[in-house]
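Residues per chain, in single letters:
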Amino acid sequence: MVSAAILAMTPHPVAAQMSSTLFEQIEDVPAPSPPGAHEPSLTSHEGALYMSWMEQAGEQTKVMMAVRTPDGWSVPRLVHQGDDLFVNWADFPGTAVFDDGTIAVHWLRQIGPSSFDYQVEISLSHDGGTTWGQPLIPHADRSFAQHGFVSMLPARQNDLAVIWLDGRAYGVEGDKALPAPDAMQLRATTLTRDGVLGDDVAIDLQTCSCCQTSLASTGDGTLLAAYRDRSVGEIRDISVARLTNEGWEEPVTVHEDGWELSGCPVNGPAIDADGEIAAVAWFTGANDVAAVKVAFSDDGGRSVDAPVRIDQGDPVGRVDLEMLSDGTALVSWVEWTEGHEALYLCRVHRDAGCISRELLATNSAGASVNFPRMARLGRVIYLAWTQPDTNGDSIVLRRAVLVDSN
């Protein structure tokens with residue numbers, strides 16, 4: 001059980017004034033994971049909540065998942081385990097569900113002598129997680145290089161779109177097609193429910209090396225991929241690329257923050273869409289000012305409005321985002337508050353900015369909550385994160401019911 005001191009719910013003064021307009025109920029939900037579990041990921045599909053996580057069992061790492069329906073949690077299912085899995089606080093397993101209910105879970109496996117030599121593996125289940133197929137590797141490249149920061153989302157014709165950051169160009173000399181030596185790439189493929197992989201294609205040949213990616217689908221089935229880009233001049237702003245029937249379009253910069261940084265901030269964007277309305281949230285440190293920003297698009301990601309800033313003044317970032325049916329976006333992020341990490345949520349209007357805000361939890365432990373994840377089922381929002389404690393990590397799952405905007 002997580003101690004009350006660590007999850008002290010003393011709201012920030014601003015949050016206390018505004019919180020009643022965002023949620024009508026907030027409660028802890030027992031997680032299906034045991035003490036010691038960490039790095040949860042959430043997704044939803046047809047009224048069910050899917051959660052994956054990692055557990056340690058001696059020298060072995062287990063990738064686990066469970067499904068929550070109105071009847072409660074399923075039995076936790078073992079997806080994969082091994083002593084060679086890559087375990088990382090920022091790059092961790094995730095789940096996606098095909099339209100027909102087939103479940104896909106990805107993880108990372110070390111393959112070479114360097115700690116940055118690892119590949120992506122994906123397994124499929126056609127029976128709700130009871131059994132799993134042999135691992136599939138989505139990238140054609142098999143070199144000892146970094147492959148990770150995966151996003152997966154159902155695509156057209158019951159396929160799954162898969163994107164990832166790919167280090168195959170590291171150490172490659174004399175290739176004039178590459179914009180710079182040792183550039184990380186954003187690449188993509190498709191995966192059918194029967195385990196058939198599509199072509200491995202490049203979306204962007206030079207990106208930031210260790211920031212999370214994000215996928216969304218518009219009303220006409222166009223996919224939007226959001227990621228932290230990288231220019232030759234070390235500008236690391238957010239870009240979005242669109243996948244249409246003709247293939248991946250040229251990426252566009254969401255907003256020219258102009259964040260010049262000779263290193264990776266480990267702080268990726270989040271994107272979601274409802275019909276043709278899409279929203280992107282991200283962290284930036286441009287001009288030595290830490291900020292969390294949100295920008296909207298009315299035309300399925302073809303163009304993006306000027307962003308609004310939503311943080312309280314000292315953000316860490318680590319954003320997540322869910323579009324709501326009224327065209328607003330619900331954004332979560334981590335912020336420093338009185339020397340402690342605080343998990344905030346904000347309902348963002350494209351013109352008015354943050355119209356309601358909630359301080360969901362504070363963390364007074366010595367370690368971090370890492371990357372909280374969010375999923376929506378109608379008016380119900382679930383959030384999960386790794387909660388450090390003196391007795392070890394555990395996963396906290398919190399359920400919040402949105403105030404009915406109607």
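Below is a summary of the structure that appears in this document.

Reading the values: the criteria
- Residues numbered from 1 in each chain as written.
- Predicted model: local features only at pLDDT ≥ 70, side-chain atom pairs only at ≥ 80, totals over all residues.
- Heavy atoms only, no water.
- Phe/Tyr/Trp six-rings, centres within 6.5 Å; stacked < 30°, edge-to-face > 60°.
- Helix = DSSP H or I, 4+ residues; strand = E, 2+ residues; numbered from the N terminus.
- Disulfide = S-S within 2.5 Å.
- Buried < 20%, exposed > 50% of the residue type's maximum accessible area, 1.4 Å probe, protein only.
- Pairing = 2+ DSSP bridges.
- Axes fitted to C-alpha atoms, helices over the stretch in contact; angles between N-to-C directions.
- Core = buried A, V, L, I, M, F, W, Y, C linked by side-chain atoms within 4.5 Å.
- Contact = heavy atoms within 4.5 Å.

Going through the model one piece at a time under the given rule, you end up with 4 aromatic pairs. For the pair Trp89 and Phe371, a centre-to-centre distance of 5.3 Å together with 40° between the ring planes defines the contact as tilted. Taken together, the positions of Trp89 in the loop between strand E6 (77-82) and strand E7 (94-97) and Phe371 in the loop between strand E26 (353-363) and strand E27 (373-377) put the pair 282 residues apart, joining distant regions of the chain. When the centroid spacing of 5.6 Å and the interplanar angle of 15° are considered together, the rings of Trp333 and Tyr344 count as stacked.

In this section: the state of the cysteines. Evaluation of the coordinates by the stated rule reveals 2 disulfides. A disulfide bridge connects Cys210 with Cys264, and the sulfur atoms are separated by 2.4 Å. Of this pair, Cys210 sits in the loop between strand E13 (201-207) and strand E14 (214-217) while Cys264 sits in the loop between strand E18 (252-253) and strand E19 (270-274), placing them 54 residues apart in sequence. When its relative accessible area of 18% is taken as the criterion, Cys210 is described as buried. Disulfide partner of Cys346: Cys354, at an S-S distance of 2.0 Å. Note on Cys354: relative accessible area 17%, which makes it buried. Here the bonded cysteines of the protein chain are numbered in sequence order, and their pairing is 1-2, 3-4. The closest cysteine sulfur to the non-disulfide-bonded Cys208 is located on Cys264, 3.5 Å from its own sulfur. For Cys208, a relative accessible area of 1% translates into the label buried. Cys211 carries a free sulfur, and the closest cysteine sulfur to it, the one in Cys264, is 3.6 Å from it.

Next up on the list: the sheet that holds strand E1 (residues 23-28). If you trace the 4 strands from one edge of the open sheet to the other, you get E1-E29-E28-E27, paired in antiparallel fashion. The sheet terminates laterally at E1 and E27, the two strands that pair on one side only. Geometrically, the sheet is characterised by an average inter-axis angle of 20° between neighbouring strands, direction not taken into account. Note: E27 against strand E28 (residues 380-387), 5 bridges, orientation antiparallel. Counterpart to Arg376 in the pairing with E28 is Ile381.

Before going further, it helps to spend a moment on the nonpolar core. Among the nonpolar cores identified, the biggest contains 23 residues, and Val294, Ile310, Leu321, Val331, Trp333 and Val348 are the most heavily contacted of them. Per-element tally for this core: the top contributor is strand E25 (residues 340-349), with 4 residues. Discounting chain neighbours no more than four positions away, the residues touching Val348 are Val294, Phe296, Val308, Ile310, Thr328, Ala329, Val331, Gly353 and Cys354. Within the second largest apolar cluster, 21 residues are counted, among which are Ala161, Tyr227, Ala241 and Val266.

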